[in-house]
Amino acid sequence: MMRRPRWSSDIKRVVLIWAGVSVILIVATVIIPPNLAGLSRIAAPRAGDYALTMVVFTILSMPVLALVMVFALYSLYKGRTRGRPLRDGPPLRAGKGVQIAWVGISTLLVTCLYAWGLIFLNRADAAPAPGSNVLNIDVTGEQWNWNFTYPQYGNAQSDILEVPVNRPILFKITSIDVDHSFSVPAWAMKEDAVPGDFTYIRVTPNKMGNYSVRCFELCGLFHSYMEAPVRVVTPASFQSWVSTQPTGYPWGIGGAGVPNTYGPPSDVSK
Amino acid sequence: MNRYVVAIVVILVGAGLVTATGVALNQLADYQPPQHAQAKGTASTPNGVVPHVFLHLDTFPDSPDGHPQWEKEHNYHLDRNASIPVTTPHLDWVTYGPTTNLVVPAHSLVTITIDNYDGGETLLNGFYHNVRGTINNQMTVNGKTESSIPSDQVSHTFTIHGIPSNKQPWLFVNVPLQKIPDKIESAGADFGYPPHPNVITFSFMVGGPGHYVWQCEYPCGTTYNGFGGPMMTHGYMNGNFDVV
């Protein structure tokens, strides 16, 4: 008859190893260089929220990862045998307490993540306070260029996305050929550009500098070249720049407009 | 021991296949010989005296290789590398010529002349009806200075851009090409082509070395709102623009 393992000493050992590995992983998560985690260029509050979310979620998931890995590796080590085993191992029957614990802890963790998401991720797309001087920018994706129209400035148009620092922006996005994805990684912002529809996304850049727009939807031959410069400048510099840009049609699509299936956010008129 | 030998052989064969595929794809990507800009004197610019270099391109409603008499009359040769089977030209595709790979020297004034033999309809994106990035945001069309073309008069565009980088200057040039009137285009009086192309000339400055691409932004191809076929294939309505 196969001897039942001594669970108490094994569990103690696993818990100790798990605690140690968890601490090491959590410390590594906190001190890992930001550029390795893709969080080095945070230039908007929403990017800060997303970066914080990444760090917190990673910290919370490290003990779970450590538990699974330590338990699995310890079991492999402890249950090792030479040659092919002739018998199956003893059956495992978890006690009620263990089941309640893992279901309860898992539920608690998931609920915390859900609450966090509701607060921080919802905040990223929230409308700015009434009376905010929102800058509207129409974005058109076309193989393999982006172009930008500023309807509040006589439909000034540019191949460069220049914006004033600390001013809320509402992007209205579309494509005239295939699906593209409009993204400024430094703003943790990405929204599909869909032919025949408008999509919307908000951001308030809070750090001056040079960044870039990238397409994140594989869109054809020169997809890898579908980028555009982003310049976050002072309000005065922006005013000076936008007044020198050539003007074009009210909307980038030859003035014809496109169907609006999804509709704008509730605080934006069509 | 044999297992290890087999494993090493498999890895080497795999690496060889990947390398061969990469080399083949790289050759396909640049299958057209480049056109090097011809230097003709210098130009005084705000950046000082710089070389003035020239390129010449043509735009056709279909391949000149399908109009051998016209090619003979005009002593025209479309540069295609026929030794690579998959690059067999699509004779019915709209195309730039004689090549779509362009090379210009760094820190120079570039003047490009495009002879456009094609008609057109209406731009889908009005952004491209303005001339951008050239000297004074202007071009000449048959000798007349213009800064834009009405959206319904555009045949193609010649649009250069790169990627934002601290290793090369940003370059964006957009020139809409005035279309040939429909009646003249459809008559095809010169062996299938209009007798006189619209001649578009424009100049722009280039900075330091860099790699850029260019393409037509008028949807003149097939499928996907006209953005497929020649718009999505090397050697037709797009190409490379290298500053060396």
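Residues numbered from 1 in each chain as written. Chains lettered and ligands numbered in written order. Predicted model: local features only at pLDDT ≥ 70, side-chain atom pairs only at ≥ 80, totals over all residues.

Visitor: What am I meant to see in the overall build of chain B here?
Guide: When helices and strands are tallied, chain B shows three helices and 13 strands. Dimensions along the principal axes, computed over C-alpha positions, put chain B at roughly 80 × 45 × 35 Å. Across the 244 residues in chain B, those meeting the buried criterion constitute 38%. Residue pairs at least 24 apart in sequence account for 72% of intrachain contacts in chain B once pairs closer than 6 positions are excluded. (Helix = DSSP H or I, 4+ residues; strand = E, 2+ residues; numbered from the N terminus. Buried ≥ 20, exposed ≤ 12 C-beta atoms within 10 Å, placed from the backbone. Contact = placed C-beta atoms within 7 Å.)

Visitor: Mind showing me how you'd approach the sheet that holds strand 10 (residues 227-233) of chain A here?
Guide: Strands pair in a sheet through their backbones, by hydrogen bonds, and they do so in one of two ways: parallel or antiparallel. Residue and element names in this part refer to chain A. Strand order across the open sheet formed by five strands is 4-10-9-6-7, with mixed pairing between neighbours. The open sheet is flanked by strand 4 (161-164) and strand 7 (189-193), the only strands paired with a single partner. For this sheet, the mean inter-axis angle between neighbouring strands, taken without regard to orientation, is 20°. Where strand 4 lies against strand 10, four bridges are found, and the strand directions are parallel. For Val-163, the partnering residue across the bridge sits in strand 10 and is Val-232. Across the sheet, helix 4 (residues 235-242) is in contact with strand 4 and strand 10; its angle to strand 4 comes to roughly 140°. (Pairing = 2+ DSSP bridges. Axes fitted to C-alpha atoms, helices over the stretch in contact; angles between N-to-C directions.)

Visitor: Explanation requested: the interface of chain B and chain A in the structure shown.
Guide: Interface size, as often reported, equals the accessible area lost upon joining of the parts. Taken residue by residue, the interface counts 26 residues in chain B and 26 residues in chain A. A per-class count over the side of chain B that touches chain A returns 12 nonpolar, 12 polar and two charged. (Nonpolar A, V, L, I, M, F, W, Y, C, P; charged D, E, K, R; others polar.)

Visitor: What is the right way to look at the sheet that holds strand 5 (residues 101-104) of chain B in this model?
Guide: Residue and element names in this part refer to chain B. As summarised here, the arrangement of the six strands in space is 1-5-13-12-9-10, forming an open sheet in which the pairing is mixed. Across the chains shown, the open sheet's two edge strands, defined by having one partner strand only, are strand 1 (35-36) and strand 10 (173-178). Relative to strand 10, strand 9 (residues 154-161) is paired through six bridges, and the arrangement is antiparallel. Along strand 10, the bridge assignment pairs Thr-157 with Pro-176.

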